[in-house]
Amino acid sequence: MDNTKKISIWDQFWISCTKPSQYKKLIGVSKGKIVIFVLLVTLIMTLFGTVMDLVGLNVSIGGVDNFIENRLPKFQLKNGALTADDDMDFTVAGTRIIMDTKKKTIPESEFNNETVMEIYFSNTQMVSENHAIGQKLTINFADYKDVVVSNATLLKYVPIIYFLAILTICLSFVFTLIGYLLFAVFMAWLANWSFKLRKLKVPFGAVFQIALYARVPCMLIGTIGSLIGFSFFASTIWWCISYIATYELILFAFREPKKI
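The present account deals with the structure reproduced in this document.

Rules behind the numbers
- Residues numbered from 1 in each chain as written.
- Predicted model: local features only at pLDDT ≥ 70, side-chain atom pairs only at ≥ 80, totals over all residues.
- Heavy atoms only, no water.
- Pairing = 2+ DSSP bridges.
- Helix = DSSP H or I, 4+ residues; strand = E, 2+ residues; numbered from the N terminus.
- Axes fitted to C-alpha atoms, helices over the stretch in contact; angles between N-to-C directions.
- Buried < 20%, exposed > 50% of the residue type's maximum accessible area, 1.4 Å probe, protein only.
- Contact = heavy atoms within 4.5 Å.
- Left-handed = near helix turned anticlockwise from the far one by under 90°.
- Nonpolar A, V, L, I, M, F, W, Y, C, P; charged D, E, K, R; others polar.

## What about the sheet that holds strand β4 (residues 95-99)?
Thinking step 1. If you walk across this open sheet you meet the five strands as β3-β4-β5-β6-β7, and the pairing is mixed. Whereas interior strands pair on both sides, the edge strands pair on one side only; in this sheet they are β3 (88-92) and β7 (135-140). Taken over all neighbouring pairs, the strand axes of this sheet differ in orientation by 10 degrees on average, direction set aside.

## Overview of the side chain of Gln209
Thinking step 1. Relative to the helices and strands, Gln209 is located in helix α6 (residues 204-214).
Thinking step 2. Taking relative accessible area as the criterion, Gln209 reaches 9% and is therefore assigned buried.
Thinking step 3. If we ignore the near neighbours within four places in the chain, the residues touching Gln209 are Leu26, Ile27, Gly28, Val29 and Ile34.

## A short note on the environment of Asp86
Thinking step 1. Relative to the assigned elements, Asp86 resides in the loop between β2 (81-84) and β3.
Thinking step 2. Judged by its relative accessible area of 49%, Asp86 falls in the partly exposed class.
Thinking step 3. Measuring from C-alpha to C-alpha, the distance between Asp86 and Val148 comes to 19 Å, with 62 residues separating the pair along the chain.
Thinking step 4. Ignoring anything within four residues of it in the chain, the contact list for Asp86 reads Pro73 and Met99.

## Looking at the pairing of strand β1 (residues 75-78)
Thinking step 1. Here β1 shows a clear split, with Phe75 and Leu77 buried on one side and none of Gln76 and Lys78 buried on the other.
Thinking step 2. Across four bridges, β1 lies against β2 in antiparallel orientation. Bridge pairing in β2 links Phe75 to Ala84.
Thinking step 3. Counting the residues that bridge the hairpin from β1 to β2 gives two residues, and of these Asn79 lies at a positive phi of roughly 55 degrees.
Thinking step 4. In terms of strand pairing, β1 meets strand β8 (residues 149-150) through two bridges, oriented antiparallel. Across the sheet, residue Leu77 finds its bridge partner in β8, namely Val149.

## Section: the packing of helix α2 (residues 31-60) against helix α5 (residues 158-197)
Thinking step 1. Axis separation between α2 and α5 bottoms out at 9 Å; the angle between their running directions is 145 degrees. Taken as a pair, α2 and α5 cross one another with a handedness that is right-handed. Counting all contacts with α2, which are made through Phe37, Val38, Leu39, Val41, Thr42, Leu43, Met45, Thr46, Thr50, Val51, Leu54 and Asn58, the residues of α5 involved are Tyr162, Ala165, Thr168, Ile169, Ser172, Phe173, Thr176, Leu177, Tyr180 and Leu181.
Thinking step 2. The residue makeup of the contact of α2 with α5, split by class, is 15 nonpolar, seven polar and no charged.

## Structural notes on the pairing of β4
Consecutive residues of a regular strand have side chains that alternate between opposite faces of the sheet.
Thinking step 1. Burial analysis of β4 places five of its five residues in the buried class, the great majority of the element.
Thinking step 2. Burial of the side chains of β4 extends over both faces: Thr95, Ile97 and Met99 are buried on one face and Arg96 and Ile98 on the other.
Thinking step 3. Bridge analysis of β3 against β4 gives five bridges, and the strand direction is antiparallel. Its bridge partner lying in β4, Asp89 is registered against Ile98.
Thinking step 4. Both β4 and strand β5 (residues 117-121) contribute to a ladder of five bridges, which runs parallel. Counterpart to Ile97 in the pairing with β5 is Ile119.

Below, the structure written as structure tokens:
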């Protein structure tokens, strides 16, 4: 009997995470099981990533409605200027949100780089800075003089906010899946090229299948690390480590046993 028929979805996940020396056992697993495995891994990454972030954010603020009504200072954006009854400074889900409408502009010294992202509202600007990827965005309220926004305005859009949250989860699943597959294709091509240089005949399909399994450990570590709040796992350094580790796991799976 083909031993691959005995390998369950759980076996695939367990071996991919803890037993790279047994990766070769996974070659030949039916396409149906591989598809289910890939979709399951993508779902887990989405749950640990986007879903947990959104749920944690919603719980921490006591729900969107409650946050707008009771925790968000009374504010109004009108005629290109933002005014508010009180200042605001809190951190949630790795993002620091500050509002100080007494300031006309936002000096660079206000950003402390201690969180993954910071969003700052002043009287005339909104500036967001993602420290993990070094991206900065500035919005000048003077460009939106015809826009009027207040707490009451935000409350009207709560259903849309929840809809966007669901849409974000769905898109996150799709993009995670696409990224997972493209990463595996690239690593399989890289490993297969290495095999050809060493004149080893290994079918690309087998290498790609192993790449799907070899990708899982780093995906899981990176997603959980980001969930906990470590910005390192969104950095270029981590991506480099992830590439190298996945590549080495693929090569390890096809290594020839030492002759005694």
